[in-house]
Amino acid sequence: MNTVWLIFHLAILTAAPIFVVGIVNRVKSIWSGRRGPRLYQTWYDLLRLLQKSPVYSQHVSWVFLLAPWVVLATTVTAGLMAPVVPGYAVLGFAGDLVGFAYLLGLGRVALMLSALDTASSFEGMGASRDATYSALLEPVLLLAIGTLACITNVLSFQDLVTTGGWSWFDLVIRAALMFALFVVLLVESARVPADDPATHLELTMVHEVMVLDHSGPELAAVQYA
């Protein structure tokens, strides 16, 4: 049975970055009176980027070259810790709650360092904004999963989602934490109102401004992550 869950987990983890973005873009298009792109348009965009040759600034170092792959590796590893299938995670272990948060933080730091490495004041401004978001979000994430760990008395993601009571106290706590984690999700995925991946306004760009100098397969890695 674990082999079946492993295959299912990997399939969801592989396909979700493509189709979830497609659903978001399609919904936004419908609300604005347009038909919108195909649900799997992100797949074609990634293939197009993989076929291009990257262009580098003369100011960048190995930090800029390595950062996209660090972001991708940490995101995929964190995804393997998250229980896509309730009660099962590929890399589940006691204390993986903290490891999950630190992996996402490591990817964020790598992306900020790559932005600073370009010697661009514009990208440095985006890195500064992202650092501010990180300082506000990471305590919320750690407090949320820490609270769930306290009320369920478990320290692993795969057990956390299947353990807990149905008392009014538990339901109220979980509802409040779901709202907090939803806000974290909006900011982490660069969505409105915290950010907009489709914007080109200097005053609102956060994530997109940090990847302006990335191109080719490295940009594909960041976008997929």
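Residues numbered from 1 in each chain as written. Predicted model: local features only at pLDDT ≥ 70, side-chain atom pairs only at ≥ 80, totals over all residues. Heavy atoms only, no water.

K.L.:
Sorry if this is basic, but what is going on with the environment of Ser121 here?
P.N.:
Within the secondary structure, Ser121 sits in helix α5 (residues 121-152). Distance in space between the C-alpha atoms of Ser121 and Cys150 is 43 Å, their sequence separation being 29 residues. (Helix = DSSP H or I, 4+ residues; strand = E, 2+ residues; numbered from the N terminus.)

K.L.:
Sorry, what's going on with the packing of helix α3 (residues 62-81) against helix α9 (residues 216-224) here?
P.N.:
Relative placement of two packed helices is described by the angle separating their axes and the distance separating the axes. The interhelical angle for the contact between α3 and α9, taken along N-to-C directions, is 30°, at an axis separation of 8 Å. As summarised for this structure, α3 and α9 are arranged roughly parallel, according to the angle between their axes. For the pair α3 and α9, the crossing hand works out as left-handed. Where α3 approaches α9, its residues Phe64, Leu65, Pro68, Trp69 and Leu72 are matched on the opposing element by Pro217, Glu218, Ala221, Val222 and Tyr224. (Axes fitted to C-alpha atoms, helices over the stretch in contact; angles between N-to-C directions. Parallel < 35°, antiparallel > 145°, perpendicular 65-115°, else oblique. Left-handed = near helix turned anticlockwise from the far one by under 90°. Contact = heavy atoms within 4.5 Å.)

K.L.:
Looking at this structure, how should I read helix α2 (residues 41-50)?
P.N.:
Regarding α2, the residues found buried are Thr42, Leu46 and Leu49. For α2, the angular spread of buried residues about the axis comes to 60°, placing them on one side. As for α2, its buried residues are in contact with α1 (2-31) and α9. (Buried < 20%, exposed > 50% of the residue type's maximum accessible area, 1.4 Å probe, protein only. Arc of directions from axis to C-beta.)

K.L.:
Help me understand the pattern of salt bridges in this model?
P.N.:
Close approach of charged atoms allows side chains of opposite charge to pair. One pass over the structure, following the stated rule, counts three salt bridges. With a closest N to O distance of 2.9 Å, Arg108 and Asp130 form a salt bridge. Linking Arg108 in helix α4 (residues 96-117) with Asp130 in helix α5, this pair joins segments that are 22 residues apart in sequence. Grouping residues by exposure puts Arg108 and Asp130 together as buried. Note that Glu188 and Arg108 form a salt bridge whose closest N and O atoms lie 2.7 Å from each other. Of this pair, Glu188 sits in helix α7 (residues 168-188) while Arg108 sits in helix α4, and the two are 80 residues apart along the sequence. For Glu188, a relative accessible area of 37% translates into the label partly exposed. Looking at Arg108, the relative accessible area reads 10%, which means it is buried. Via salt bridges that share partners, Arg108, Asp130 and Glu188 belong to a single interconnected network. (Salt bridge = Lys/Arg side-chain N within 4 Å of Asp/Glu carboxyl O.)

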